[in-house]
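Structural description and commentary
Given next are the chains, with one letter for each unit.
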Amino acid sequence: MYLFNSFTVKNMTLRNRIVMPPMCMYSAETDGMPNEFHFTHYTSRAVGGVGLIIMEATGVLPWGRISDHCLGLWNDEQAKALAPIVTACQKQGAKIAIQLNHAGRKCEAQEKTIYAPSAIPFDEDSPMPHKMTEDDIHDAVNAFRSSAARAAEIGFDSIEIHGAHGYLISEFLSPLTNHRTDSYGGSTENRCRILVEVLQAVHEVWPAEKPVLLRVSAEDYEPEGMHPEEMAKIIELVKPYIDVLDVSTGGVVPTPPSTIYPGYQVKIAEGLKEVSGLPTVTVGLITEPHQAEEILGGERADLVALGRELLRDPYWVLHTARNLDVEYPWPKQYLRGFNARK
């Protein structure tokens, strides 16, 4: 089956095509430190057979967190605490990435100031963000660089830059949230400038042999917002700096998708894969093995991310292999449970 085929990008070879996408657990301490829950959460999916685990959105600055209980990587103590999780997942055969993020105007942590490209709140109940100066932008870029250096030091297999879901980079990309008139606003190239600078900064410290992923929201579900055609132009501008495209939608404004159905984001991922030529991850209500198989077999995406399904079943990969009579290298400790038919 396609979903059990290996996949290689740069020096990273995945044992299958199943990805655990980044999902906030809101379980860190208020200082951004991981704890026993994070160790159990991530290593159980590694034991369960996931090919690539992408750790949840991790703040590059205290005011870059989504909440007070999100992970951080803005200091060395946080990096030291994350290192055992990385090593343990790798020992169980999984590859592990970290998603670096700045929450922008969607920061709900108890910080004095939240930042955005323009002074536009997310909704009527949200605080007014501070319009970033160029110095603020440079500070954010440098924070991504520093966090990427720490991620490299503790041995992550890959790194993902969060440019989706209405967080800071996504806010700069979308015309709905970026009303600037300087070199970071206006044209597609200008709105993309911070993303280019972040990626360039990351490459200064990230090992050249390891892949860089970019997550994007390719559709804002508003007429004047981002659409796949413009996202394709953005991807062309940053293509020299990324190895894998992780395609999602929405989150920039409160507007929900017009319709949601199993695999509702796959078509957009397929289109961006075709025009960019990049390996692509797709996500969005993908729950069934044959659904994943159709996506992969039809070359609509290269990797399939299962979010809520992997929350429900950490051993989805093992259970799928057993249920479909696919030979699989079961964990030796569980071998008698998976190769038996009782």
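Residues numbered from 1 in each chain as written. Predicted model: local features only at pLDDT ≥ 70, side-chain atom pairs only at ≥ 80, totals over all residues. Heavy atoms only, no water.

Before going further, it helps to spend a moment on helix H7 (residues 228-238). The set of residues buried in H7 consists of Glu-230, Met-231, Ile-234, Ile-235 and Val-238. Burial along H7 is one-sided: seen end-on, the buried residues are contained in an arc of 145°. In H7, those exposed residues whose orientation departs by more than 90 degrees from the buried face are Glu-229 and Lys-233. The secondary structure elements touched by the buried residues of H7 are helix H4 (168-173), helix H5 (188-191), helix H6 (193-205), strand E9 (212-217), strand E10 (244-248) and helix H8 (266-276). (Buried < 20%, exposed > 50% of the residue type's maximum accessible area, 1.4 Å probe, protein only. Helix = DSSP H or I, 4+ residues; strand = E, 2+ residues; numbered from the N terminus. Arc of directions from axis to C-beta. Contact = heavy atoms within 4.5 Å.)

Under the counting rule described, the total for this entry stands at 12 salt bridges. Across the pair Arg-180 and Asp-182 runs a salt bridge whose closest N-O atoms are separated by 2.7 Å. The exposure class of Arg-180 is buried, given its relative accessible area of 5%. Across the salt bridge formed by Glu-230 and Arg-191, the nearest N and O atoms sit 2.4 Å from each other. Placement of Glu-230 in helix H7 and of Arg-191 in helix H5 is noted, with a sequence separation of 39 residues between them. Of the two residues examined, Glu-230 and Arg-191, each falls in the buried class. Among the charged side chains, a salt-bridge network with shared partners connects Arg-65, Asp-68 and Glu-111. (Salt bridge = Lys/Arg side-chain N within 4 Å of Asp/Glu carboxyl O.)

This next bit is on unusual backbone geometry. Positive phi, normally seen in glycine, also occurs at Lys-10, with a value near 50°. Its location among the elements puts Lys-10 in the loop between strand E1 (7-9) and strand E2 (12-14).

Once that is clear, we can look at the packing of helix H1 (residues 36-47) against helix H2 (residues 76-91). Two elements in contact, H1 and H2, have axes whose closest approach is 9 Å; the angle formed by their N-to-C orientations is 15°. As the angle between them shows, H1 and H2 are arranged roughly parallel. Between H1 and H2 lies a crossing whose hand is right-handed. Residue-level inspection shows His-38, Phe-39, Tyr-42, Thr-43 and Ala-46 of H1 in contact with H2, the latter providing Pro-84, Ile-85, Ala-88 and Cys-89. For the contact of H1 with H2, the class distribution of residues is 7 nonpolar, 2 polar and no charged. (Axes fitted to C-alpha atoms, helices over the stretch in contact; angles between N-to-C directions. Parallel < 35°, antiparallel > 145°, perpendicular 65-115°, else oblique. Left-handed = near helix turned anticlockwise from the far one by under 90°. Nonpolar A, V, L, I, M, F, W, Y, C, P; charged D, E, K, R; others polar.)

This part takes up the pairing of strand E8 (residues 158-163). Among the 6 residues that make up E8, 6 are buried, leaving the element largely enclosed by the rest of the structure. Neither face of E8 is left uncovered, since the one carrying Ser-158, Glu-160 and His-162 and the one carrying Ile-159, Ile-161 and Gly-163 both have all their residues buried. Bridge analysis of strand E5 (residues 95-101) against E8 gives 4 bridges, and the strand direction is parallel. When the bridges of E8 are listed, Leu-100 appears paired with Ile-161. The pairing of E8 with E9 spans 5 bridges and is classified as parallel. By the bridge assignment, Ile-159 is partnered in E9 with Val-212. (Pairing = 2+ DSSP bridges.)

Interpretation note: all reported values are geometric properties and have no functional meaning in isolation.
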